[in-house]
Amino acid sequence: MADNAKPRANTLQVLRHMANRLRIHSIRATCASRSGHPTSCCSAAEIMSVLFFHTMRYKQTEPEHPDNDRFILSKGHAAPILYAAWAELGIISESDLLNWRKINCDLEGHPTPRLSFVDVATGSLGQGLGAACGMAYTGKYFDKASYRVFCLMGDGESSEGSVWEALDFASHYNLDNLVAVFDVNRLGQSGVTPLEHCTDVYQNRCEAFGWNTYLVDGHDVEGLCHAFWQATQVKNKPTAIVAKTFKGRGIPDIEDAENWHGKPMPKERADAIIKLIESQIQTNRNFIVKPPLEDSPQVSIRNIKMTCLPDYEVGDKIATQKAYGLALVKLGRANDRLIVLDGDAKNSTFSEIFKKEYPERFIECVMAEQNMVSVALGCATRDRTVAFISTLAACLTRAFDQIRMGAISQTNINLIGSHCGVSMGEEGSSQMALEDLAMFRSIPNCTVFYPSDAISAEHAVYLAASTKGMCFIRTSRQETAVIYTPQENFVIGQARVIRHSVNDKVTVIGAGVTLHEALAAAADLSQQGISIRVIDPFTIKPLDAATIISSAKATGGRVITVEDHYREGGLGEAVCTAVSGEPDILVHQLAVSGVPQSGKPGELLDMFGISARHIIAAVKYTLMN
């Protein structure tokens, strides 16, 4: 430990010169691409040098090794300095740096997991620390391993509320394996940051959130080495290192100057700047990366399958959100790496059922949904866990940016949104998710489940656990009848035609509570001599276009969609897209419009035109026209 506490003089010299090498790489890369943020890189050069070439333990030839220390560049616009560090380590070539941001190069403008040494995408500021919390929580409580997690943040992004959600989370869970570094370089994108160089204010705020905090000169490698060593001695508290730095450090006339954010050095100046920095490098790259302690458990999250059939009978009445909670418990028995995160809604989302049986695998994230999504992203990295997030679907809308970044991160997290639509009833419009399908349908590589009974809800949970990419399951508060037998098999992208005959005149497609309204309408219409076909899509994305088109053609091209969601972006629009290339198919959409109000579920379904009565009227209207 003594060597780490006070490195030898030659070690410090190597680290100083490595920092300058990283600066040079960053200037060259941004100059070659004629874009980027070299000044933001230069302020962090010594921090990166000390972290990668002195403090962190990892296998440099295996960036994804489970025992490696983790690093997140939350200030993702400083990507060139991260790439420069890995170039010095030999993972990428120096010539690759000169192709940065080009279409045929994996080195993007901001880091993404397209690169083996990047765990989560960053660049949408304020999200890196939340993901780091998830990694640290996994390391401390699930893996019980020695690896540590480091997150480098900009001072500008610390204005984001999600940063303070993460600070609160890390302190509450005593994440002493987590170190957050604030690169306080005084300058934001368009001007000075609110606190400029008042590092004592950053310190006071971090300490108020329960963090062990050190103030350092961010360009003093010896001070940085000591601060990182001190962090290893602290128990039951995360550590914040508040580093005073200067944007554009080492660049004459640009260091600490405004209006240089996101601007590369002009070619005619870059060569002279590089020569000046090179003149300060006097040592070779004599560094030894410390190997990690290999004490992480072997983990398998593959081939998660249903071990027994659902325990429901046709006609049982149960809400799909409760069926979700019960399914989680069964899934937890099947795989001990299943974890559940909830935002202080466990008694409403029914995730409390899982907590009671597996409290050590339940993470209470309180009402901080943005951080909850980021924590789940971190927990799921390197395939360490199967993460399920549950909260009210309406609350997930505030975390849309984190969800979007999750898709860019190629994550496999599963989100469950309960209390959807006007059918949730008396709570009122603020609690009614009516935009969630549109939101998740817009997310790349996201599977969107909309189960209509307890059987299909249980299957959705199992399928989500083993599906690559992000998954969203929309669940309902209203108790509905079980319509499938336990032996039914469900497949992603495969709809169920649950009522049909050769005499069907109209195809009606519903999901969740509206499927039951469609079945009630079909029974009533049958008494009037009108036969309709009823389809349960099961997944809204991917949608079973083939089944819908063949049914539409069999019913004279007449289709009605009915959904407890706004028209924009929901089931109806998905169906319209699916049949858009087919002639002579007409889709009539029944959906919620306007701002709802409190009321009983049945009253609201009727008020907003998606009840059985309105489906019957729509069928008759369609047949007449």
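Throughout this description, residue numbers start from 1 for each chain and increase along the sequence as written. Local features are withheld for residues below a pLDDT of 70 in this predicted model, meaning they are given only at 70 or higher, and side-chain atom pairs are given and counted only at 80 or more; totals for whole chains, interfaces and linings count all residues. Hydrogen atoms and water are omitted, and side-chain values are computed over all heavy atoms in the structure.

Draft legend 1. The arrangement of the overall build of the protein in detail. Counting its regular elements, the protein contains 24 helices and 19 strands. In this description the radius of gyration comes from C-alpha coordinates, and the expected globular size is given by 2.2 Å times residues to the power 0.38. Whereas a compact globule of 625 residues would reach a radius of gyration of roughly 25 Å, the protein reaches 28 Å, a difference of no more than 12%. With 625 residues in all, the protein has 61% of them scored as buried. Within the protein, contacts between residues at least 6 apart in sequence are counted, and of these 79% link residues at least 24 apart. Computed by Shrake-Rupley with a 1.4 Å probe, the accessible areas treat only the displayed protein chains as cover when residues are assessed. Within the structure as shown, the protein displays about 23600 Å² of accessible surface, and the carbon and sulfur contribution to it stands at 47%. Taken together, the 60 basic and 69 acidic charged side chains of the protein have centroids lying 3 Å from each other. Under the scheme used here, helices are H or I runs from DSSP no shorter than 4 residues and strands are E runs no shorter than 2 residues, and both carry numbers assigned from the N terminus. Working definition: with a 1.4 Å probe on protein chains only, accessible area under 20% of the residue-type maximum means buried, over 50% means exposed, and in between means partly exposed. Contacts are assigned to residue pairs with any non-hydrogen atoms lying within 4.5 Å of each other. Note on charges: Lys and Arg go in the positive column, Asp and Glu in the negative column, and His and the chain ends are not counted at all. In plain terms, the charge of a residue is placed at NZ if it is Lys, CZ if Arg, CG if Asp and CD if Glu.

Draft legend 2. Expanded view of the sheet that holds strand β14 (residues 496–499). Only when DSSP finds a minimum of two bridges between them are two strands counted as paired. With mixed pairing, five strands are arranged side by side in an open sheet as β14-β16-β15-β18-β19. Looking at the sheet topology across the chains shown, the edges are occupied by β14 and β19 (586–592). Strand-to-strand twist across the sheet, computed as the mean angle between neighbouring axes with direction ignored, equals 25°. The sheet strands contacting helix α20 (residues 513–527) are β14, β15 (506–510), β16 (532–536) and β18 (558–566), and the helix crosses β16 at an angle near 165°. Lines fitted to C-alpha atoms define the axes here, with helix axes fitted over just the stretch in contact, and angles between the N-to-C directions of these axes take values from 0 to 180 degrees.

Draft legend 3. Geometry of the packing of aromatic side chains. Under the pairing criterion, centres of Phe, Tyr and Trp rings, with the six-membered ring standing for Trp, must be within 6.5 Å; the plane angle then separates stacked pairs below 30 degrees from edge-to-face pairs above 60, leaving the rest tilted. Taken as a whole and assessed by the stated rule, the structure comprises 20 aromatic pairs. Consider the rings of Phe 52 and Phe 71, whose centres lie 5.1 Å apart with planes at 70°: the pair is edge-to-face. In this pair, Phe 52 is assigned in helix α4 (residues 45–55) and Phe 71 in strand β1 (residues 70–73), connecting sequence segments 19 residues apart. Comparing Phe 52 with Phe 71 shows no difference in burial state: the two are buried. Ring geometry for Phe 169 against Tyr 173: centres 4.8 Å apart, planes inclined by 55°, an arrangement best described as tilted.

Draft legend 4. Structural view of the pairing of strand β2 (residues 149–154). With respect to burial, β2 is a largely interior element, six of its six residues being buried. Across four bridges, β1 lies against β2 in parallel orientation. Residue pairing in the sheet places Arg 70 in a bridge with Val 149 of β2. In terms of strand pairing, β2 meets strand β3 (residues 178–184) through six bridges, oriented parallel. Of the residues in β3, the one forming a bridge with Gly 154 is Asp 183. Each parallel crossover has a hand, and the one from β2 via helix α8 (residues 161–172) to β3 is right-handed. Handedness is read with the strands pointing away from the viewer; a crossover is right-handed when the path from the first strand over the helix to the second is clockwise.

Draft legend 5. Structural detail: the pattern of salt bridges. Whenever Lys or Arg places a side-chain nitrogen within 4 Å of a carboxyl oxygen from Asp or Glu, that contact is recorded as a salt bridge. What the rule picks out here adds up to 28 salt bridges. For Glu 364, the salt bridge identified is with Lys 346, shortest N-O distance 2.8 Å. Here the residue Glu 364 occupies a position in strand β8 (residues 362–364), and Lys 346 occupies one in helix α13 (residues 346–349), the gap between them amounting to 18 residues. Residue Lys 346 is classed as buried on the basis of its relative accessible area, which comes to 18%. Here Arg 477 and Glu 427 are joined by a salt bridge, their closest N and O atoms 3.8 Å apart. Here Arg 477, found in the loop between β12 (470–474) and β13 (480–481), pairs with Glu 427, found in the loop between β10 (414–418) and α18 (436–441); they are 50 residues apart in sequence, far enough to count as distant.

Draft legend 6. Structural view of the environment of Thr 622. Here Thr 622 shows up in helix α24 (residues 612–624). Considering only alpha carbons, one finds Thr 622 and Ser 593, 29 residues apart in sequence, at a separation of 20 Å. Residues contacting Thr 622, with those up to four places away along its chain left out, are Arg 558, Ile 560 and His 588. Each polar contact in these results corresponds to two N or O atoms within 3.5 Å; when the atoms are within protein, one needs to be able to donate a hydrogen and the other to accept it, and residues that are neighboring in sequence are counted only if both atoms are side-chain atoms. One polar contact links the side chain of Thr 622 to the main-chain carbonyl oxygen of Ala 618, over a distance of 2.8 Å.

Draft legend 7. Region of interest: the sheet that holds β1. As summarised here, the arrangement of the five strands in space is β1-β2-β3-β5-β4, forming an open sheet in which the pairing is parallel. The sheet terminates laterally at β1 and β4 (212–217), the two strands that pair on one side only. Across the sheet, the mean angle separating the axes of adjacent strands is 20° when strand polarity is ignored. Taken strand by strand, α4 contacts β1, β2, β3 and β5 (239–244), and its axis lies near 170° from that of β2.

Draft legend 8. Broad picture of the side chain of Asn 212. Considering the arrangement of structural elements, one finds Asn 212 in strand β4. For Asn 212, a relative accessible area of 15% gives the class buried. Asn 212 has contacts with Val 234, Lys 237, Pro 238, Thr 239 and Ala 240, leaving out every residue within four places of it along the chain.

Draft legend 9. Here's a closer look at the nonpolar core. In this structure, Leu 129, Leu 178, Leu 341, Ile 363, Ile 413 and Leu 415 are the most contacted members of the largest nonpolar core, which totals 79 residues. At eight residues, the largest contribution of residues to this core is made by helix α7 (residues 128–142). Among all residues touching Leu 341, those that are not within four sequence positions of it are Ile 363, Cys 365, Met 372, Val 375, Ala 376, Ala 387, Phe 388, Ile 389 and Ser 390. Among buried residues, those of type Ala, Val, Leu, Ile, Met, Phe, Trp, Tyr and Cys that are joined through side-chain atoms within 4.5 Å constitute a nonpolar core. Grouped together as the second largest cluster of nonpolar side chains are 54 residues, Leu 89, Val 118, Val 221 and Cys 225 included.

Draft legend 10. Spotlight on α8. Helices are assigned an expected span. That span is 1.5 Å times one less than the residue count. With twelve residues, α8 should reach 16 Å at 1.5 Å per residue; the first-to-last C-alpha distance of 17 Å fits that figure. Inspection of α8 places Ser 162, Val 163, Trp 164, Ala 166, Leu 167, Phe 169, Ala 170 and Ser 171 among the buried residues, and these make up the whole buried set.

Draft legend 11. Seen up close, the layout of surface pockets. Grid points spaced at 1 Å and placed over the protein atoms alone form the basis of the search, with a cavity being a set where a 1.4 Å probe fits but cannot get out and a pocket an open set showing protein on both sides within 12 Å along at least five of seven lines. Lining residues have an atom within 4 Å of a point. Grid points are joined across faces, edges and corners, and a volume is the space filled by probe spheres set on the points. Considering only enclosed or pocket space, the second largest pocket measures out at about 410 Å³ in volume. Taken together, 18 residues line the second largest pocket, and the ones lying closest to its centre are Asp 119, Arg 382, Asp 383, Ser 409 and Gln 410.

Draft legend 12. Focus on empty space enclosed by the protein. Per the stated rule, a full pass over the model turns up five cavities of 30 Å³ or more. Its boundaries defined by the atoms lining it, the largest cavity holds a volume of some 100 Å³. Ten residues, namely Ala, Val, Leu, Ile, Met, Phe, Trp, Tyr, Cys and Pro, are considered nonpolar, four, namely Asp, Glu, Lys and Arg, are considered charged, and the remaining ones, Gly among them, are considered polar. Of the residues assigned to the lining of the largest cavity, the class counts are eight nonpolar, one polar and four charged.

Draft legend 13. Region of the structure containing unusual backbone geometry. The amide bond that connects Lys 541 to the next residue, Pro 542, takes the cis arrangement and shows omega of 0°. Position of Pro 542 among the secondary structure elements: in the loop between β17 (539–541) and α21 (545–554). With phi around 55°, Asn 174 is a residue other than glycine that occupies positive phi space. Note that Asn 174 resides in the loop between α8 and β3. Judged by relative accessible area, which is 30%, Asn 174 ranks as partly exposed. With a phi close to 55°, Asn 445 is a non-glycine residue in the positive phi region. Locating Asn 445 in the fold gives a position in the loop between α18 and β11 (446–449). In this structure Asn 445 comes out as exposed when scored by relative accessible area, which is 63%.

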